[in-house]
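# Observations on the model geometry
If you want the building blocks of each chain, they are given just below.
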2 protein chains.
Amino acid sequence: MIQTPYLLFLGDAPDPLTAKVAQGIKDWRPENAVGQLSLPGCKANLGLTEMTVEEAVAAGAKTLVIGVANRGGKISAAWMEVLERALISGMDLASGLHNLLRDEPSLSALAEAHGRALHDVRVPEVEYPIASGEKRSGMRCLAVGTDCSVGKMYTTLAMDKAARDMGVKSAFRPTGQTGILITGEGVPVDAVVADFMAGSIEWLSPDNDGDHWDFIEGQGSLFHPSYSGVTLALIHGGQPDALVLCHEPTRPHMRGLPSYSVPTLEALHEQALAMARVVNPACEVIGVSINTQHLSDVEAEAYLAEVEEKMGLPTVDPFRQGAKRLVQALPGVGV
Amino acid sequence: MIQTPYLLFLGDAPDPLTAKVAQGIKDWRPENAVGQLSLPGCKANLGLTEMTVEEAVAAGAKTLVIGVANRGGKISAAWMEVLERALISGMDLASGLHNLLRDEPSLSALAEAHGRALHDVRVPEVEYPIASGEKRSGMRCLAVGTDCSVGKMYTTLAMDKAARDMGVKSAFRPTGQTGILITGEGVPVDAVVADFMAGSIEWLSPDNDGDHWDFIEGQGSLFHPSYSGVTLALIHGGQPDALVLCHEPTRPHMRGLPSYSVPTLEALHEQALAMARVVNPACEVIGVSINTQHLSDVEAEAYLAEVEEKMGLPTVDPFRQGAKRLVQALPGVGV
């Protein structure tokens, strides 16, 4: 578990999109961000107070989070100076980069010397159990997609926010590095050893109050041959009471697989629900979340109406419209 | 890849069942076994020539394989002496035990000093790729089960043997430690990191002659919540042309899960085929393999006939009857 609040490190980000991890933290957990630190030439700006490492510590920051993707896979010398100063000044470091903090000798040595933690959130920090399949108390909603990267994280974050706004007890349960950095905890399920995948999701979403909802971030797709096993482990470990179908309507083929066409929402409905009912016979598909970023306002409105009619389910783009209608469709929540 | 042939180490096995790895090697790849080595008190006997380490080396053995499960998770002092002598005498070691050869300091040191390999087959030795999903040449048959441990390895080994006997080009592709020790190569898919599971199966079963059949050992079950993700990775990485449904009819519930009932063969047929057709629209279910070890001869015969009638598919117990009828049902093989 990563100590909050954070100082968000933007480095020398060449554009705002490169800082999407930092932007996600600021958008979804603003209370976790005490300020930002940019290097000269940085083209990203979250609009938070610009702080030195020392100012951030004084303001209560516990962890410096690398909020940008770096280029070329190397942590640059310019970054290193800030990261070293953060450890010396009493902050932990957290990163979702492929190249690991722990593999930088100077960072390892300083963390050891100063008793600080290095969180490489792509690497599991826990020995997960093998899944038991036993029924857990509390309610769970899982996002499943027709493809990878169609908005499953966004959908579950938006549902969690809408639930809180409506007074529903709720938690977002991240399963990828961006989500883990946003909340400070979670399971990097892609990096878990096969035998323990479903168990890691049981661990992530334990027993809870009967009226509490966990919104579990989905990964991959049952129809994406590279990652489908991870998706099924999420369905079986997650034991969902509710599924939300996620879709991006302009994609010409499955992500990274030119010879695979994207399945229909109907096919996703059928297969995901059949698999979910193995662990929870009461599971229902409660709505559809469409990522309409590549459609105009008029096109988006028409497409959402068409899907809602065809599927007979509440259908929204949570980015344009929020996720309140999806939360209202959860069993026991109501209007 | 483990060097063959082997000396099969039976240790101080308290009963024949404990030596099932050694028995599997002797049954399925007798050409891989030059002899056996038992310690005083051993209650297992494969009927092979009893040899010292030195005699085995003289007879051409390249690897000592630990063919027994040990008790308590410790490699005993009595075993250690033989294992050390094998390394000194020029053999590699191979083991499927949970406790690893490489974690025994004296074995590591001797292997290093003598240039020998320690194969812990539960641990992947390869950096597998992420699955591409691209169509590969050659034909593939995968065993899928209603549950874990219903005879998937046995079925695919028996089909491989029957195919060879019929003059069909064939390979058995192991995905668990026993199978890997039998053939000397394979993928311990349970131990592969999630993102690379399907890719490891693509690696295991590469392009081949158009009339060559790979018989891929299945793992877990789409209906077993602890391991279903591994099963789906096998289906999508395996890209099967043919599925064989495996079932054990006397099981009261899913293995290790008292609250889960075993699915019907019809449910397995539907779900496994739907998932397989994502990667290979031509895939067919070609037969059923029943493990009738807990039925009498009369019961087994009646049950096999009943399933064959109900499913409309060749239905055999490969242990009682061999797997020839299953191989004959493969597309392009014929009678």
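## Regarding the overall build of chain A
Each helix and strand counted, chain A has twelve helices and eleven strands in total. Here the C-alpha radius of gyration of chain A, 20 Å, is about what a compact globule of 335 residues would show, namely 20 Å. Based on the C-alpha atoms only, the size of chain A along its principal axes is roughly 55 × 45 × 45 Å. By residue count, 57% of the 335 residues in chain A fall in the buried class. When contacts within chain A are restricted to residue pairs at least 6 apart in sequence, long-range pairs at least 24 apart make up 75% of them. Only carbon and sulfur atoms are counted for the fraction: they give 53% of the accessible area of chain A, which is about 13300 Å². Computed over 26 positive and 41 negative side-chain charges, the separation of the two mean positions in chain A equals 2 Å.

## Considering the sheet that holds strand 7 (residues 170–173) of chain A
All names here are of chain A. Strands sit in the order 7-8-6-9-10-11 across an open sheet of six strands; the sheet is parallel. Two strands bound the open sheet, and with one partner strand each, they are strand 7 and strand 11 (315–316). Where strand 9 (residues 242–247) lies against strand 10 (residues 284–290), six bridges are found, and the strand directions are parallel. Bridge assignment links H247 to a residue of strand 10, and that residue is I290. Across the sheet, helix 8 (residues 228–238) lies against strand 6 (139–145) and strand 8 (213–216), angled at about 165° from strand 6, the strand it touches most. Docked against the sheet, helix 10 (residues 297–311) engages strand 9, strand 10 and strand 11, running at close to 165° with respect to strand 10.

## A few points about the relation of the copies chain B and chain A
With an RMSD of 0.0 Å, the fit of chain B onto chain A corresponds to turning through 180° and sliding 0.0 Å along the axis. Accordingly, the operation relating the two chain copies is best matched by a two-fold axis. Comparing interface residues between copies, 100% of those in chain B also sit at the interface in chain A, which points to an isologous, same-surface contact.

## Things to note about helix 3 (residues 77–89) of chain B
Taking 1.5 Å per residue, 13 residues should reach 18 Å; helix 3 of chain B reaches 19 Å between its end C-alpha atoms and fits that length. Of the residues trailing helix 3 of chain B, G90 of chain B is marked for its positive phi of about 110°.

## Observations regarding the side chain of T63 of chain B
Residue and element names in this part refer to chain B. Mapped onto the elements, T63 comes out in strand 3 (residues 63–66). By relative accessible area, T63 is classed as buried at 0%. T63 has contacts with I2, Q3, P5, Y6, L7, M91, D92, L93 and A94, leaving out every residue within four places of it along the chain.

## Some points on the interface of chain B and chain A
Each partner contributes residues to the interface: chain B has 34 residues there, and chain A has 34 residues. Across the chain B to chain A interface the summed buried area is about 2600 Å²; carbon plus sulfur atoms make up 59%. At the junction of chain B and chain A, the tally comes to zero salt bridges. Elements with a contribution of two residues or more to the side of chain B that touches chain A: helix 7 (197–204), helix 8 (228–238) and helix 9 (265–279) of chain B. Broken down by class, the residue content of the side of chain B that touches chain A amounts to 22 nonpolar, nine polar and three charged.

## Some details on the environment of L142 of chain B
Along the chain, L142 of chain B turns up in strand 6 (residues 139–145). Note on L142 of chain B: relative accessible area 1%, which makes it buried.

## Some points on unusual backbone geometry
Residues and elements named next belong to chain A. That bond from T4 to P5 is cis: its omega, 0°, falls within 30 degrees of zero. Unusually for a residue other than glycine, S149 sits at a positive phi of about 55°. You can see S149 is positioned in the loop between strand 6 and helix 5 (152–165). Look at S149 and you get partly exposed, because its relative accessible area is 43%. With a phi close to 55°, Q239 is a non-glycine residue in the positive phi region.

## Considerations on the confidence of the model for chain A
The predicted model of chain A averages 96 in pLDDT, with 99% of residues at 70 or higher. In the predicted assembly, ipTM is 0.95 and pTM is 0.96.

## Details of the packing of helix 7 of chain B against helix 8 of chain B
All names here are of chain B. Between helix 7 and helix 8, the least distance of the axes is 8 Å, while the angle of their chain directions is 45°. Classified by the interaxial angle, the pair formed by helix 7 and helix 8 is oblique. Remark: the crossing between helix 7 and helix 8 carries right-handed chirality. Residue-level contacts link M197, A198, I201 and E202 of helix 7 to G229, V230, A233, L234, G237 and G238 of helix 8. Grouping the amino acids of the contact of helix 7 with helix 8 by side-chain chemistry returns six nonpolar, three polar and one charged.

## Looking at the packing of aromatic side chains
In total, this model carries ten aromatic pairs over all chains according to the counting rule given. Where F9 of chain B meets W79 of chain B, the ring centres are 5.4 Å apart and the plane angle is 90°; that geometry is what we call edge-to-face. With a gap of 70 residues between them, F9 of chain B in strand 1 (residues 6–11) and W79 of chain B in helix 3 connect regions that are remote in the sequence. Judged by relative accessible area, which is 0%, F9 of chain B ranks as buried. Here the aromatic cluster, defined as three or more aromatic residues joined through ring pairs, consists of W28, Y154 and F319 of chain A.

## Here's the deal with helix 5 (residues 152–165) of chain B
An α-helix turns once per 3.6 residues; consequently, residues spaced three or four apart project the same way. Under the 1.5 Å per step criterion, the end-to-end length of helix 5 of chain B is 20 Å for 14 residues, consistent within 8% with the ideal 20 Å. One or two positions beyond helix 5 of chain B, positive phi appears at G167 of chain B, with a value near 85°.

## Points about the pattern of salt bridges
All names here are of chain A. Going through the model one piece at a time under the given rule, you end up with 34 salt bridges over all chains. Among the salt bridges present, the one from R116 reaches D92, with a minimum N-O distance of 3.0 Å. In this pair, R116 sits in the loop between helix 4 (105–114) and strand 5 (118–120) while D92 sits in strand 4 (residues 92–95), placing the two residues 24 residues apart along the sequence. D92 sits in the buried class, given a relative accessible area of 6%. Between R325 and E308 there is a salt bridge, with its nearest N and O atoms 2.7 Å apart. Placement of R325 in helix 12 (residues 324–328) and of E308 in helix 10 is noted, with a sequence separation of 17 residues between them. According to the relative accessible area criterion, E308 is partly exposed, its value standing at 26%.

## Description of the side chain of S226 of chain B
Residue position: S226 of chain B is located in the loop between strand 8 (213–216) and helix 8. From its side chain, S226 of chain B meets the backbone oxygen of A131 of chain A in a polar contact 2.6 Å long.

## Regarding the sheet that holds strand 8 of chain B
All names here are of chain B. Strand order in this open sheet of six strands is 7-8-6-9-10-11, and the pairing throughout is parallel. Two strands lie at the open edges of the sheet, namely strand 7 (170–173) and strand 11 (315–316), each paired on one side alone. Bridge count for strand 6 against strand 8 is four bridges, and the pairing is parallel. Within strand 8, the position partnered with M139 by the bridge is W213. Packing against the sheet, helix 9 makes contact with strand 6, strand 9 (242–247) and strand 10 (284–290), and its axis sits at approximately 150° to strand 9.

Cut-offs and rules
Residues numbered from 1 in each chain as written. Chains lettered and ligands numbered in written order. Predicted model: local features only at pLDDT ≥ 70, side-chain atom pairs only at ≥ 80, totals over all residues. Heavy atoms only, no water. Helix = DSSP H or I, 4+ residues; strand = E, 2+ residues; numbered from the N terminus. Rg over C-alpha atoms; globule rule 2.2 N^0.38 Å. Buried < 20%, exposed > 50% of the residue type's maximum accessible area, 1.4 Å probe, protein only. Contact = heavy atoms within 4.5 Å. Areas by Shrake-Rupley, 256 points an atom, 1.4 Å probe, with all protein chains shown as cover. Lys, Arg positive; Asp, Glu negative; His and termini not counted. Charge placed at Lys NZ, Arg CZ, Asp CG, Glu CD. Pairing = 2+ DSSP bridges. Axes fitted to C-alpha atoms, helices over the stretch in contact; angles between N-to-C directions. Least-squares fit on C-alpha atoms with pLDDT ≥ 70 in both. Expected span 1.5 Å × (residues − 1). Buried area = accessible area lost by both parts, 1.4 Å probe. Salt bridge = Lys/Arg side-chain N within 4 Å of Asp/Glu carboxyl O. Nonpolar A, V, L, I, M, F, W, Y, C, P; charged D, E, K, R; others polar. pLDDT = per-residue confidence, 0-100. Parallel < 35°, antiparallel > 145°, perpendicular 65-115°, else oblique. Left-handed = near helix turned anticlockwise from the far one by under 90°. Phe/Tyr/Trp six-rings, centres within 6.5 Å; stacked < 30°, edge-to-face > 60°. Polar contact = N/O pair within 3.5 Å; in protein donor to acceptor, adjacent residues only side chain to side chain.

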